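An overview of the molecular structure
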Amino acid sequence: MSAQAVQRSGLGIIFILMSGLLLATHDGLSKYLSQIYPIVFILWVRYWVQTSLMVVSFAPRLGKQFIHTQHLRWQILRGLCLIGNSVLFISGLRYLPLAEATGVIFLAPLMVLVISALAGERVRPVQWVLGGVGLSGVMLIVRPSGEVFNWAALFPLSAAVCFTAYQLITRRLARTDHPATTNFYTGLVGALVMTACVPFFWTLPTTEHFLQMLLLGCLAMGAHFLLTKALGHASAATLAPFTYMQIIFAGLVGFIAYGHVPDHWALAGMTLIITSGMLSAYIQRRPA
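Residues numbered from 1 in each chain as written. Predicted model: local features only at pLDDT ≥ 70, side-chain atom pairs only at ≥ 80, totals over all residues. Heavy atoms only, no water.

What follows deals with the packing of helix 3 (residues 72–93) against helix 4 (residues 98–105). Where helix 3 contacts helix 4, the axes come no closer than 9 Å and their chain directions differ by 145°. Considering only the axes of helix 3 and helix 4, their crossing is right-handed. In this structure, helix 3 contributes Asn 85, Phe 89 and Leu 93 to the contact, and helix 4 contributes Leu 98, Ala 101, Thr 102 and Ile 105. Split by residue class, the contact of helix 3 with helix 4 holds 5 nonpolar, 2 polar and no charged. (Axes fitted to C-alpha atoms, helices over the stretch in contact; angles between N-to-C directions. Helix = DSSP H or I, 4+ residues; strand = E, 2+ residues; numbered from the N terminus. Left-handed = near helix turned anticlockwise from the far one by under 90°. Contact = heavy atoms within 4.5 Å. Nonpolar A, V, L, I, M, F, W, Y, C, P; charged D, E, K, R; others polar.)

Set out below in structure tokens:
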């Protein structure tokens, strides 16, 4: 690999780490606001801010390509999957610690592995082993007598199902549509659905809290923008191991904002999830 390629990959890794930090911060702020306001209202503000920023940032540069998609139905379905993921995950954050809930969400790559195998993709035996290790990590987090072992754990587990579908649809759309187009339609679907629902959850926020909701949209937009930049500098296979740093960032945000420290079993579970995910991503980069 040339020095220029190494430098580009390094920038891509930096961008993906920054994206994970913004997402963890977004989730930490969502946890706080969801204790005060209806989740639908919070997401309504966030989606419109995110969509507006997408238009301002990409529409002038891409022109008609910005709204051109070959698979509108898949774009709508992707948006609905993200709505389900957002509503379920933030609902779980109202009752669960940030780091543990984030760790459970990373069950999604294992689900993608299983579905890919059922669809006929070749999966190596070692990938199944690592998938089992990741599942063991989730079971350590969601264990009897653990802080996450209650009915609220169903929220991040269900969110992981939605996130799995979201990832699979994203892989399909990546073959035909521009990433900015895909993210625009996802945000637009979320904004329109939340607009239809928000009259039933309307509330009047304080100026401070409304500004924080606007910040949520900026954080979401920033995270997706950095993700797009990262993929422009390095391959998805190169970046995949570093997405698991979001679990660590979530732990830091949870500690700083809420003073929460995961117990040793939860830490062991998160370590297993991160390790198995990184090794699995590394193996996928190598030829058979």
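On we go.
Topologically, Gly 28 is positioned in helix 1 (residues 3–34). Contacts of Gly 28, omitting those with residues within four sequence positions, involve Leu 98, Val 253 and Tyr 258.

Here the focus is the nonpolar core. Phe 89, Phe 106, Tyr 244, Ile 247, Met 270 and Ile 273 are the most contacted members of the largest nonpolar core, which has 27 residues in total. Among the secondary structure elements, those contributing two or more residues to this core are helix 3, helix 4, helix 5 (108–118), helix 6 (125–141), helix 7 (154–173), helix 11 (245–258) and helix 12 (264–285). Element by element, the count of residues in this core is highest for helix 4, at 5 residues. Discounting chain neighbours no more than four positions away, the residues touching Phe 106 are Thr 243, Tyr 244, Gln 246, Ile 247 and Ile 273. (Core = buried A, V, L, I, M, F, W, Y, C linked by side-chain atoms within 4.5 Å. Buried < 20%, exposed > 50% of the residue type's maximum accessible area, 1.4 Å probe, protein only.)

Once that is clear, we can look at the packing of aromatic side chains. Taken as a whole and judged by the stated rule, the model has 8 aromatic pairs. When the ring of Phe 58 is compared with that of Phe 225, the centres are 5.9 Å apart and the planes differ by 50°; the resulting orientation is tilted. Taken together, the positions of Phe 58 in helix 2 (residues 39–62) and Phe 225 in helix 9 (residues 207–233) put the pair 167 residues apart, joining distant regions of the chain. Among the residues examined, Phe 58 registers a relative accessible area of 4% and is labelled buried. Aromatic pair Phe 163 and Tyr 166: ring centres 5.7 Å apart, planes at 15°, arrangement stacked. With Phe 163 and Tyr 166 both in helix 7 and 3 residues apart, this pair spans about one turn of that helix. Overall, the relative accessible area of 21% leaves Phe 163 in the partly exposed class. (Phe/Tyr/Trp six-rings, centres within 6.5 Å; stacked < 30°, edge-to-face > 60°.)

From the geometry alone we can't say anything about function, so treat these as descriptive.
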